[in-house]
Amino acid sequence: MPLPPEFHEIARRVNNWGRWGPDDEIGTLNLITADVVRAAVATVRSGLRIPLALPLRQDGVQTGAIPGRVNPLHTMVAINHEMFGPDTIATSDDVVTMGLQAATHWDGLTHVSHSGKLYNGRPAAAVTAHAGATALGIEKAPPVLSRGVLLDVARVRDGGGDRPLDGAHAVTPEDLEAAEELAGTAVRAGDVVLVRTGQLRRYLAGDKQGYAFPSPGLSVRTPEWFHARDVAAVANDTLTFEIFPPEITDLWMPVHALHLVEMGLLQGQNWNLEELSAACAAEGRYAFLLSAVAEPFVGGSGAPVAPVAVL
């Protein structure tokens, strides 16, 4: 089924193709300038460090619904091996087989395509079976170190509590603005926005299927909000990122396409924002230094990340 006219209308309004030149491969990460990083460092007050990644484990968030996206399989290949002979120093080594987007991750700019195109007008055929992404690979992403802003939509919708959003809730621009008001700071150019729905609490409570489906997430109306504010990247605490099932019948993953293809906007999923939510509420501030550097897998369409917020 062809993409509907309303999708193409939004795509036209948020399109960044050519904005940073015809050869650009990093999209909105261009917005993280040296000035942005200096301002981000200035947000640090207490030095409290909060990890935002899920553990990499074989019984992780993946349910098998996405073909090939497997949870990490950890195997020991050496255990206390005396490589240089008896009574020498012994070593242990291990290997992991996993989907690059198995747990907490960034979606790279080749993760989705539409109408035969990737970001900046490159052909979808740039993704190949043997080399992966021959352009726009996740290894091209510069270090994501910027000001992070938590937009705690779950807390706002619960009147200051922290109950998860209902599975049928599409996070709207109005929700983001209400959370921005709670945060007490305006989202600005180069920020990395973290949107908390509370959905991850279902996974943490042991309900893997309930975490996956149905899921609250970003509405197709939100890319224009991020575009207007020149956001560098967006991440949230869900498996699917956008609301799932979709808010528009038979229009699957439109926010992915608008962000990654049209805007060149890195997006992240399965981020654990629970401890961060509590800390931000306790300190009364929702802006912080965020380190979220993607593992540079050459040709990757995404990569695991171990983000850290520093308050």
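Conventions adopted
- Residues numbered from 1 in each chain as written.
- Predicted model: local features only at pLDDT ≥ 70, side-chain atom pairs only at ≥ 80, totals over all residues.
- Heavy atoms only, no water.
- Pairing = 2+ DSSP bridges.
- Helix = DSSP H or I, 4+ residues; strand = E, 2+ residues; numbered from the N terminus.
- Axes fitted to C-alpha atoms, helices over the stretch in contact; angles between N-to-C directions.
- Contact = heavy atoms within 4.5 Å.
- Buried < 20%, exposed > 50% of the residue type's maximum accessible area, 1.4 Å probe, protein only.
- Left-handed = near helix turned anticlockwise from the far one by under 90°.
- Polar contact = N/O pair within 3.5 Å; in protein donor to acceptor, adjacent residues only side chain to side chain.
- Salt bridge = Lys/Arg side-chain N within 4 Å of Asp/Glu carboxyl O.
- Core = buried A, V, L, I, M, F, W, Y, C linked by side-chain atoms within 4.5 Å.
- Right-handed = clockwise from strand over helix to strand, strands pointing away.
- Phe/Tyr/Trp six-rings, centres within 6.5 Å; stacked < 30°, edge-to-face > 60°.

## Section: the sheet that holds strand β9 (residues 192-196)
Step number 1: Reading across the sheet, the nine strands line up as β1-β15-β13-β7-β9-β11-β12-β4-β14 and stay open at both edges, with mixed pairing between neighbours. Unpaired on one side and paired on the other, β1 (49-51) and β14 (302-304) mark the two borders of the sheet. On average, each strand axis in the sheet is inclined to that of its neighbour by 25°, with strand direction left out of account.
Step number 2: The strands touched by helix α4 (residues 173-183) within the sheet are β7 (145-152) and β9, with β7 carrying the most contacts at an inclination of about 110°.

## A few points about unusual backbone geometry
Step number 1: Between F213 and P214 the backbone carries a cis peptide bond, its omega angle lying at -10°.
Step number 2: Looking at the element boundaries, P214 is found in the loop between α6 (208-212) and β10 (217-218).
Step number 3: With omega at 5°, the peptide bond leading from F244 into P245 counts as cis.
Step number 4: One can find P245 in the loop between β11 (233-236) and α8 (254-263).
Step number 5: At S115, a residue that is not glycine, the phi angle is positive and equals roughly 55°.
Step number 6: Relative to the assigned elements, S115 resides in the loop between β4 (105-107) and β5 (127-128).
Step number 7: Look at D250: it is not a glycine, yet its phi comes out positive at around 65°.
Step number 8: A relative accessible area of 46% places D250 in the partly exposed class.

## Here's the deal with the packing of helix α1 (residues 5-14) against α8
Axes are the key here: two packed helices are described by the angle between their axes and the distance separating the axes.
Step number 1: In contact at an axis separation of 10 Å, α1 and α8 are set at 35° when each is read in the N-to-C sense. Classified by chirality, the crossing of α8 by α1 is right-handed. Across the interface between the two elements, F7, I10, A11 and V14 of α1 pack against P254, A257, L258, E262 and M263 of α8.

## Some points on the environment of Q267
Step number 1: Structurally, Q267 can be placed in strand β12 (residues 266-269).
Step number 2: Sequence-wise, Q267 and H8 are 259 residues apart; in three dimensions their C-alpha atoms are separated by 20 Å.
Step number 3: Residues contacting Q267, with those up to four places away along its chain left out, are H105, W106, D107, V234, F241, V255, H256, H259 and L260.
Step number 4: Here the side chain of Q267 touches H256 through a polar contact of 3.1 Å, side chain to side chain.

## Observations regarding the side chain of T172
Step number 1: Relative to the helices and strands, T172 is located in the loop between β8 (170-171) and α4.
Step number 2: Assessed through its relative accessible area of 17%, T172 is described here as buried.
Step number 3: Discounting residues that sit within four places of it in the chain, T172 has contacts with S219, R221 and T222.

## Notes on the pattern of salt bridges
Between side chains of opposite charge, pairing is possible as soon as their charged atoms come close.
Step number 1: All chains considered together, the criterion is met by 17 salt bridges.
Step number 2: Among the ionic pairs, R221 bridges to E174, the shortest N-O distance being 2.8 Å. Taken together, the residues R221 in the loop between β10 and α7 (222-228) and E174 in helix α4 connect sequence positions 47 residues apart.
Step number 3: Owing to a relative accessible area of 41%, R221 belongs among the partly exposed residues under this scheme.
Step number 4: One network of salt bridges, in which partners are shared, links D152, R155, D162, R196, R201 and E274.

## Points about the nonpolar core
Step number 1: In this structure, L52, W106, L194, W271, L276 and F288 are the most contacted members of the largest nonpolar core, which totals 30 residues.
Step number 2: Those elements that place two or more of their residues in this core are β9, β11, α9 (274-283) and β13 (287-291).
Step number 3: In terms of residue count, the dominant contributor to this core is α9 (three residues).
Step number 4: Aside from chain neighbours lying at most four places away, what touches L194 is L52, V149, L150, L151, A235, W271, L273, L276, F288 and L290.

## Some remarks on the pairing of β12
Step number 1: Here β12 shows two buried faces, one formed by L266 and G268 and the other by Q267 and Q269.
Step number 2: Here β11 runs beside β12; their pairing, made up of three bridges, is parallel. Bridge pairing in β12 links V234 to Q267.
Step number 3: For the crossover from β11 across α8 to β12, the handedness is right-handed.

## Points about the packing of aromatic side chains
Step number 1: What the rule picks out here adds up to five aromatic pairs.
Step number 2: Here F213 and F244 contribute two aromatic rings whose centre-to-centre distance is 6.0 Å and whose plane-to-plane angle is 75°, an arrangement assigned as edge-to-face. With F213 in the loop between α6 and β10 and F244 in the loop between β11 and α8, this residue pair connects regions lying 31 residues apart in the sequence.
Step number 3: Note on F244: relative accessible area 22%, which makes it partly exposed.
Step number 4: Grouped by ring-pair contacts, the aromatic residues F213, F244 and W252 constitute a single cluster.

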